[in-house]
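# Architecture and fold: a report
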Amino acid sequence: MQTDSSWVPILPEQASTLAWHVDALYVYLILISVAFTIPIVVAVFAFAIKYREREKFANGAEIHGSMVLEAGWSFLPFVISMTIFLGGAIVYYNQVTPPDDAMQVYVVGKQWMWKVQHETGQREINELHVPVGRRVKLTMTTEDVLHDFSVPAFRTKADVVPGRYTYLWFEPTKPGKYHLFCAEYCGLNHSGMGGYVYVMEQRDFDNWLAGSVSGQTPIEQGRDLFENKLGCASCHAGGPAQRGAKLENIYGKDIKLVGGQAVTVNDEYIRNSILNPGAQIVEGFQPIMPTFKGQVTEEQLLALVAYIKSLSGVTTPATGGTTTTTGTTNGNTGQTNSIGTQGSNPNAPSSNTANTQPNR
Amino acid sequence: MQTQDGIIAEQSGIPKQNYLTNGTTLKSWLLTKDHKRIAIMYLITVSLFFMAGGIYASAIRLELLTPPSDLLESGTYNKVFTQHGILMIFFFLIPSIPAVLGNFLLPIMIGAKDLALPRINLLSLYIYWIGGALTVWALLQGGVDTGWTFYTPYSTTFSNTYVMAVGLGIFINGFSSILTGLNFIVTVHTMRAPGMTWFRLPLFVWAQYATSLVMILGTPVIAITILLLAIERFAQVGIFDPSIGGDPILFQHLFWFYSHPAVYIMILPGMGVISELISNFSRKKIFGYEFIAFSSIAIAVFGFLVWGHHMFVSGQSIYAGLVFSFLTMVVAVPSAIKMFNWTATMYKGSILFETPMLYAIGFLGLFLIGGLTGLFLGSMGLVVHLTDTYFVVAHFHYVMVGGQVIAYLGGIHYWWPKMTGRMYSEFWGKISAMLVFIGFNLTFFPQFILGYLGMPRRYASYPEEMQVLNIFSTAGASVLGVGLIMPVVYLTQSLIAGKPAGDNPWMFPGLEWRTSSPPPTENFEVTPVVTWEAYEFSDENGLDIDEARRRQAVTTV
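Since the model is a prediction, treat every value here as computed from it, not as a measurement.

Another aspect to go through is the interface of chain A and chain B. On the side of chain B, 81 residues touch chain A, which itself brings 79 residues to the contact. Counting residues per element, the side of chain A that touches chain B draws most heavily on helix 2 (residues 67–96) of chain A, at 19 residues. A per-class count over the side of chain A that touches chain B returns 45 nonpolar, 21 polar and 13 charged.

Let us look at the domain arrangement of chain A. All names here are of chain A. Splitting chain A by domain gives domain 1 (103–215 + 319–356) and domain 2 (218–310). For the side of domain 1 that touches domain 2, the secondary-structure elements that each account for two or more residues are strand 1 (103–110), strand 2 (113–118) and strand 5 (136–142). In terms of residue class, the side of domain 1 that touches domain 2 is built from 3 nonpolar, 3 polar and 4 charged.

What follows covers the packing of helix 1 (residues 19–50) of chain A against helix 2 of chain A. Residue and element names in this part refer to chain A. The contact between helix 1 and helix 2 brings their axes to 10 Å, and the two run at 170°. Between helix 1 and helix 2, the angle is such that the two are roughly antiparallel. Contact residues: His-21, Val-22, Leu-25, Tyr-28, Leu-29 and Ile-32 in helix 1; Ile-80, Ile-84, Gly-87, Gly-88, Val-91 and Asn-94 in helix 2. When its residues are assigned to classes, the contact of helix 1 with helix 2 shows 8 nonpolar, 4 polar and no charged.

Moving on, we get to the confidence of the model for chain B. All names here are of chain B. Put simply, chain B has an average pLDDT of 91, and 96% of its residues get 70 or more. Here residues 1–14 scores under 50 on pLDDT; set against residues more than four positions off or in separate chains, the count is 17 contacts. In the predicted assembly, ipTM is 0.90 and pTM is 0.88.

Residue and element names in this part refer to chain A. Judged by pairing direction, the sheet is mixed, and its 5 strands sit side by side in the order 3-2-1-5-8 without closing on themselves. Of all strands in the sheet, those with a lone pairing partner are strand 3 (123–125) and strand 8 (166–170), marking the two edges. Averaged over all neighbouring strand pairs, the angle between strand axes comes to 25°, with direction disregarded. Where strand 1 meets strand 2, 6 bridges bridge the pair, whose relative direction is antiparallel. Across the sheet, the residue bridging to Lys-110 is Met-113, located in strand 2. Sitting on the sheet, helix 7 (residues 298–310) touches strand 1, strand 2 and strand 5, and the angle it makes with strand 1 is about 160°.

Residues and elements named next belong to chain A. One open sheet accounts for 5 strands, arranged 4-10-9-6-7; its pairing is mixed. Unpaired on one side and paired on the other, strand 4 (127–131) and strand 7 (156–160) mark the two borders of the sheet. Taking the axes of each pair of neighbouring strands and ignoring which way they run, one obtains an average angle of 20° across the sheet. In this fold helix 3 (residues 202–211) packs onto strand 4 and strand 10 (194–200), with an angle of close to 130° to the strand it touches most, strand 4.

About the thresholds
Residues numbered from 1 in each chain as written. Chains lettered and ligands numbered in written order. Predicted model: local features only at pLDDT ≥ 70, side-chain atom pairs only at ≥ 80, totals over all residues. Contact = placed C-beta atoms within 7 Å. Helix = DSSP H or I, 4+ residues; strand = E, 2+ residues; numbered from the N terminus. Nonpolar A, V, L, I, M, F, W, Y, C, P; charged D, E, K, R; others polar. Domains from an automatic or database assignment. Axes fitted to C-alpha atoms, helices over the stretch in contact; angles between N-to-C directions. Parallel < 35°, antiparallel > 145°, perpendicular 65-115°, else oblique. pLDDT = per-residue confidence, 0-100. Pairing = 2+ DSSP bridges.

Structure (structure tokens):
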């Protein structure tokens, strides 16, 4: 599947654990297509030559149809299409189900750039640095229109939708520099909205983290907003006497709402409760919380969500190697980390360029 | 030469007046109730829109010759691909076969004097003109850059282009589709000639009937969607824009609830044309008539249940995705049934290689690829990687151009002698059919590979390693362009210098070949009584083949 030296590339690089699943499905469908196309094309050409008009206005044979053939060529495509459906569904399930132990990265799209923040605080624009062999989960939203975070080398993409969080996950398998595209049309500079995903050995990634300005982590930033800038703490902290609902240890749990319904506390619910607090009120509380719509940016919202999650003990530190302490016991990850690789340059490690075309 | 013309005149018994000579003033055209004249006016308008859309397509391919956006800056490029899509889909593909060929042929094929509602037919032409004129005006004022899909909130809140004017143009145009569909359904139910039972209808009529169902049921939804868009844009009511309480995904559901069935509005009539061509030019009854007829209806029905396959990465739930993927796979079955039946029809036929049949054979190959790549895009695991890339662009061009446009061209060539009474140059017809086939494949096959490499659609600039395939594509587009311009020249030339065609140049059994060419205003001098099955090539079809052979021998001496 290597395409480095070919004149015209046929497949993009395979750089994630799921890439070969998608490629296998692709090859399966190509084989089915060929298996259908060849007999039909051969038949059309054979009939066209063999049964061409021999005598002016001579009629063809009196054949009207065949139930057996109709049943056969209805049943066969149905069975084959079901194999395609099932194969696709299995691959898709893996693509859209982020593992629990993934390293968390926050992404906000805006016309026409990708703003990325790591759990450790580092920010990037139109670039994403990730370590090889770690599962990475992106929590994404947008400040304006629809965008789509697409990395062909990982064979994955997801729309980024205003007013919602969408998720994307992957586990890079190969250090390198890979295209990042915006794949959902977003206006004037749509084709310029993109950059690169840099996959690095864990040690290089740790160096990269250490070498870039980190500032506040999302959780710290969220706490700052919560306690000082937005004043959430005046109602939502202080123990049994507090006026607002309790936020500790609620994430992932079902809570009862006024009116008898229940809701699972997730990112989306936290976000909605900040922007539209009257919509889903926890049982036993009055609808007195003001909306914060217009006062918080999408990035601040992500930080608040991260902080409120941390009150329930939900955190996923970004650094591997030395600080993987949350029980991320992934055999592959450990091995890759300990081996490491010399000479992989985090700034230009594209295997496309580095291997065969050094002067490009 | 004179004797030849004389013989053909005698053979066809050209009446003193046909629909073209019955009134020559502009008024007699603009106020006509004759479905054939309305069809001719549609033909001219649709061709102009096709040319305009083609000019935009050329601009796209020229820009993509090089990786950076140099020929067109990205703002212009965005308008160019948007307008290419809008003109081609709403003003060419959707009306082309139904409004031109369907209008002309449907009444003749069932032995009727006209459509059931001739004034409504004229009204739908005027509505089409008004919608088209408004759209063209908006494009000349500055155009629109939202993509033909008008996704919110870009189209409602962020785009500063003529979104609402173009939206209104499409809104108005939709009523033309609805009225035409309604007219066809009423006509097929009430106007069939004596003996013309449902299962004696040509498959072209079945396909038009299925298309009309989709038009009537689907088009109102796009009208409602555009209306909601206008309400949000002007009255600031939150429907699609999340910042005022709306949901952008709701727009996608509504949009695709129409626009996916619209794909079948575009391809079903093409399938109807191909059934006619394959059966007649094989001089053999079509294989599995009922299966082809009912597969059209099945496609029309299932077409309404698969819209969510456009939204696999939009944030729709995994369970919704599973259902839509499953139903999408089911739609593959009726399409496959048609494909196999067409191929089987050629078996033991007596195949005539005229220009229309070349188009039909080209259709089989291109639609096969278009349909099979649809399976790639219906398979959820693959579509995550492929959606919004050039793979999708290539797929729908294989279906829309390789399927619908090829079928339309085949149909125009097939019925040209009937519509005009003249024969075009068979030599240039064949050359053009082959250029279109080669040019088309060279243009769009490389785009499948580009798509799998990850080249996103709607990109004015792209990474350098993708240039070679884009050069192939642009080169192919040039060949395709030449192939498409040629018919304009030789068909126009045939109007002046073409040989008279005769009523039934190929001795086919359909009703349209049993009236004069061009037909009289009332289509038939006496109402026909149908005693033969569809595609009846046996001696029971009432055609005097021996007499035709004798005349053929005389004319070719």
